[in-house]
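# Examining the three-dimensional arrangement
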Amino acid sequence: MQIEPKFKDSEHFKTFWAKGNGKQLLDWSGWKPTFENFEKFAHLYYQVDELGDNAVNDTYLKLPYNEASASVQQFSKNKISESDDAPESVKKLFLQMQEVPAWFDENLANIGARLCLRSGTNALIILRDFVLMGGYDYAYLNKPLIFTGALKKGAVKRLKDTLEFWVHVTREDALKVNSEAYQLIVRTRLMHSYARLTIKKKIVNWDYENWGEPINSWDMIATYTGFSLEFMQGLKKLGVKITEEEELGVFHLWKYIGYLLGIPPEFLPENKQQAVEQLYLWSSLQDKGDSDSVHLAKALLDENLENTIYRYPFQRKLLLNLHQSMNWFLLDKEINERLQIPKVGITSVFPRFITKANQIAQQIFKLDDEKKYRKLVEIGNRDQMKVLEDYIKHTPKDFQY
């Protein structure tokens, strides 16, 4: 299906790239806007993970759930071989995932992982208030969430799942075959395929012309660019210094994660120039936030009041104010308004406090002092794991898989 960058002349696209966070990305990367390579990537809008889809067709859509789950779990925890008793589609999927590509540099990926670790709770704020919330402003990207009933399942579960995935895949040496992170990636990949096949079977009004294939490869690249490019942009906004090696490491880490998730690795960005180009071209296909976007944003904000990590209502209200203030600090004014995020009176207090704390921490834990750097990584890991433990503990059991 032929597609064009239909929103390249729209007000929301031009505003973002001319004066908003998009302009900051262009300035940071040095990439000059052009649609010269649009056709190079456009086919990804209608490309999907066929290996994952075939495996789901032969397991979860054919066998009783417990039997399918046991089979998938077996090969997530143990290497598969050609001689194993399993459907050919399952063998192909796991043989692909088990093959570590020649381009993968574990040391470089670990450097990227250490940035994720040392950024501590800054990372979790950025992922929630900048990457996740900002992503809701891309109307078409969010349609699979709407059609698979994500709003009914609630933001508490969605946050727990996202946090669990991100924390486990961003540890040092985490991506070994059959590791816990690897198993989570398998589960996520098959969940994407299951959702896509369900949408294609049950949703008769899916708008292929505008939305592409459900959970298509280009949407996937844009999503994981959020975990690399926009993640680092958010950290920089909070005063976190990033070395050139860490920057390349984060892109390399997410290129390998993307490969494991079934995204063609030749299209995954390796640096900020490639990432900004991908985001620029892809976003020209995306309409601005709509009513579904507003509902998703409200659900994410309401999660502060619904979650039981904090016992008292005043604590939850304070947390809500914190996240709203971070939304207004990190996201463009137009996006906050489209998503109908209330502006709180103390909008600048929390961001200023966090930025100042980061500046002080970086004076104490010098980035060029190996011992102090490692201490910062250790503290960040501890803080992130504590938040994850709280979310797992306070997510109702019937919300979990």
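Everything numeric here is computed off the predicted structure, so don't read it as measured data.

### Focus: the layout of surface pockets
Looking at the second largest pocket, its volume works out to about 180 Å³. Lining the second largest pocket are Ile111, Arg114, Thr243, Glu245, Glu246, Leu367, Asp368, Asp369, Glu370 and Tyr373. The set of elements that each furnish at least two residues to the lining of the second largest pocket consists of helix H7 (106–118), helix H15 (244–260) and helix H21 (370–394). Per-class residue counts for the lining of the second largest pocket are three nonpolar, one polar and six charged.

### What to know about unusual backbone geometry
Excluding glycine, residues mostly carry a negative phi; peptide bonds, for their part, are mostly trans. Despite not being glycine, Asp173 has its phi angle at roughly 55 degrees, a positive value. Along the polypeptide, Asp173 turns up in the loop between helix H11 (155–169) and helix H12 (180–202).

### What to know about the packing of aromatic side chains
One pass over the full model with this rule turns up 30 aromatic pairs. With 4.8 Å between their ring centres and 75 degrees between their planes, Trp206 and Trp211 make a pair best called edge-to-face. Using a relative accessible area of 12% as the deciding quantity, one classes Trp211 as buried. On the numbers, 6.1 Å between centres and 20 degrees between planes, the contact of Tyr312 with Phe314 is stacked. Put simply, the rings of Phe13, Phe16, Trp17, Trp31, Phe35, Phe38, Phe41, Trp218, Phe267 and Tyr280 pair up and form one aromatic cluster. Taking NZ or CZ as reference, Lys8 lies 5.4 Å from the ring centre of Phe35, over its face.

### Thoughts on the environment of Gln47
Mapping Gln47 onto the fold places it in the loop between helix H3 (38–42) and helix H4 (50–57). Look at Gln47 and you get partly exposed, because its relative accessible area is 25%. Separated by 168 residues in sequence, Gln47 and Ile215 place their C-alpha atoms 9.1 Å apart. Apart from residues no more than four positions distant in its own chain, Gln47 is found in contact with Asn216, Ser217 and Pro264.

### Focus: the packing of H7 against H15
Between H7 and H15, the shortest axis-to-axis distance is 7 Å and the interhelical angle comes to 105 degrees. Taken together, H7 and H15 sit at an angle that is classed as roughly perpendicular. Contacts between H7 and H15 involve Leu108, Ala109, Ile111, Gly112, Ala113, Leu115, Cys116 and Arg118 from the first element and Glu245, Glu246, Leu248, Gly249, Val250, His252 and Leu253 from the second. For the contact of H7 with H15, the residue count by class is nine nonpolar, three polar and three charged.

Conventions used here
- Residues numbered from 1 in each chain as written.
- Predicted model: local features only at pLDDT ≥ 70, side-chain atom pairs only at ≥ 80, totals over all residues.
- Heavy atoms only, no water.
- 1 Å grid on protein atoms, 1.4 Å probe; cavity = no way out; pocket = protein on both sides within 12 Å on 5 of 7 lines; lining within 4 Å.
- Points joined across faces, edges and corners; volume = space filled by probe spheres on them.
- Helix = DSSP H or I, 4+ residues; strand = E, 2+ residues; numbered from the N terminus.
- Nonpolar A, V, L, I, M, F, W, Y, C, P; charged D, E, K, R; others polar.
- Phe/Tyr/Trp six-rings, centres within 6.5 Å; stacked < 30°, edge-to-face > 60°.
- Buried < 20%, exposed > 50% of the residue type's maximum accessible area, 1.4 Å probe, protein only.
- Lys NZ or Arg CZ within 6 Å of the ring centre and 35° of its normal.
- Contact = heavy atoms within 4.5 Å.
- Axes fitted to C-alpha atoms, helices over the stretch in contact; angles between N-to-C directions.
- Parallel < 35°, antiparallel > 145°, perpendicular 65-115°, else oblique.

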